[in-house]
Amino acid sequence: MAAAQRRTTRTTPPRLRPVSALIALAALATVVVGALNMRVGPAWPYRLLPLVPRGIVVHHSATPTYVQGRQVDAAFLDEVHATQGWGMRYGERVYHIGYHYVILPDGSVEPGRPEWMPGAHTVGYNNYLGICLVGDFSRPAGHPPQPTRAQVDALVKLIRQQIKKHRLSPQRLYRHRDLDATECPGIGVPWEEIVARVNAGN
Ligand SMILES: [Zn+2]
């Protein structure tokens with residue numbers, strides 16, 4: 001009613017006021033971001049004041065090694081995590097991948113998000129480095145496969161490097177399942193061996 005009355009008395013076409021435009025833009029952005037389920041935060045505060053990792057959490061990708069003919073690697077996981085949100089923008093790049101490192105079955109280590117950036121891998125422990133072993137070591141239940149020898153060797157080496165580099169306490173080395181209600185990284189991961197080798201230095 002009020003709008004109709006106003007329209008009859010208005011002599012100039014209605015204009016969107018700057019404040020209204022801003023509110024409309026913010027609402028639109030909220031809807032779009034919500035619809036895409038994306039929460040991409042800026043990373044620059046952490047570039048100025050880099051995160052100091054407090055420990056290490058080991059994960060598995062809970063995927064086959066290959067999906068539709070494509071190797072599961074850091075780039076693949078980046079795309080998967082893009083659908084889940086919690087990315088971080090730095091410069092031209094958005095880091096969707098929540099892990100800091102990914103270890104492939106052949107033992108090659110790929111970088112995920114930079115070490116100075118908080119992870120997006122374990123609730124309450126994203127100031128820990130997240131390392132992901134590609135594979136599913138929790139299924140089939142009861143007798144899941146183990147990671148390859150090359151993966152285990154690379155994991156031990158990487159953990160030792162990171163402990164030394166960031167002066168981490170070897171006590172702050174966890175499996176995801178030690179910190180949250182999850183099977184990750186699966187009972188197929190020879191955890192006792194890994195911890196023993198990290199501590200023994202071999
Ligand atoms: Zn995990």
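Being a predicted model, the structure only gives us computed values, none of them experimental.

A. Broad picture of the confidence of the model for the chain. Across the chain, the average pLDDT comes to 87, with 82% of residues at 70 or higher. Taken together, the stretch residues 33–37 has pLDDT below 50 and engages in five contacts with residues farther than four places along the chain or on a different chain.

B. Geometry of the environment of Gly 186. Mapped onto the fold, Gly 186 is located in the loop between helix 6 (176–179) and helix 7 (191–200). Spatially, the C-alpha atoms of Gly 186 and His 176 are 9.2 Å apart, while their sequence positions differ by ten residues. The contact partners of Gly 186, leaving out residues within four places of it in the chain, are His 60, Asp 136, Phe 137, Ser 138 and Pro 144.

C. Region of interest: the sheet that holds strand 7 (residues 101–103). The strand order across the open sheet built from five strands is 8-7-9-2-10, with neighbouring strands paired in mixed fashion. If you trace the sheet from one side to the other, it starts and ends with strand 8 (109–111) and strand 10 (173–175), each paired once. Strand-to-strand, the axes of this sheet are offset by a mean angle of 25°, without reference to chain direction. Looking at chain direction, strand 2 (residues 56–60) and strand 10 are connected through three bridges and run parallel. Following the sheet pairing, Val 58 is matched in strand 10 by Arg 175.

D. Seen up close, the pairing of strand 2. Within strand 2, five of the five residues are buried, which leaves the element mostly enclosed by the surrounding structure. Pairing geometry for strand 2 and strand 9 (residues 129–133), over five bridges, is parallel. Bridge assignment links His 60 to a residue of strand 9, and that residue is Leu 133.

E. Fine view of the packing of helix 5 (residues 149–166) against helix 7. Running from N to C, helix 5 and helix 7 cross one another at 45°; their axes reach a closest spacing of 9 Å. When the axes of helix 5 and helix 7 are compared, the pair comes out oblique. The handedness of the crossing between helix 5 and helix 7 is right-handed. In contact with Val 152, Leu 155, Val 156, Ile 159 and Arg 160 of helix 5, helix 7 contributes Ile 194, Arg 197 and Val 198.

F. Expanded view of unusual backbone geometry. Residue Pro 140 is reached from Arg 139 by a cis peptide bond, and omega for that bond is 0°. Tracing the backbone shows Pro 140 in the loop between strand 9 and helix 5.

G. Here's a closer look at the pairing of strand 9. Where burial is concerned, most of strand 9 is hidden: five out of the five residues are buried. Side chains of strand 9 alternate between two faces, with Leu 129, Ile 131 and Leu 133 and Gly 130 and Cys 132 buried alike. Bridge count between strand 7 and strand 9: three bridges; the pairing is parallel. When the sheet's bridge partners are listed, Ile 103 is paired in strand 9 with Leu 133.

H. Summary view of helix 5. Taking 1.5 Å of rise per residue, 18 residues should cover 26 Å, and helix 5 covers 26 Å from first to last C-alpha, within 8% of that figure. In this structure, the buried residues of helix 5 make contact with strand 2, strand 7, strand 8, strand 9, strand 10 and helix 7. Downstream of helix 5 by a residue or two, Arg 167 has a phi angle that is positive, lying close to 50°.

I. Representation of the environment of Pro 105 within the structure. Topologically, Pro 105 is positioned in the loop between strand 7 and strand 8. The spacing of Pro 105 and Thr 148 is 43 residues in sequence and 5.8 Å in space, taken between C-alpha atoms.

J. Representation of the sheet that holds strand 1 (residues 41–42). Strands sit in the order 1-5-6 across an open sheet of three strands; the sheet is mixed. Pairing within the sheet leaves two strands with one partner each, and these edge strands are strand 1 and strand 6 (93–95). Bridging between strand 5 (residues 88–90) and strand 6 involves three bridges; their strand directions are antiparallel. Bridging from a neighbouring strand, Arg 89 pairs with Val 94 of strand 6.

Scoring rules and cut-offs
- Residues numbered from 1 in each chain as written.
- Predicted model: local features only at pLDDT ≥ 70, side-chain atom pairs only at ≥ 80, totals over all residues.
- pLDDT = per-residue confidence, 0-100.
- Contact = placed C-beta atoms within 7 Å.
- Helix = DSSP H or I, 4+ residues; strand = E, 2+ residues; numbered from the N terminus.
- Pairing = 2+ DSSP bridges.
- Axes fitted to C-alpha atoms, helices over the stretch in contact; angles between N-to-C directions.
- Buried ≥ 20, exposed ≤ 12 C-beta atoms within 10 Å, placed from the backbone.
- Parallel < 35°, antiparallel > 145°, perpendicular 65-115°, else oblique.
- Left-handed = near helix turned anticlockwise from the far one by under 90°.
- Expected span 1.5 Å × (residues − 1).

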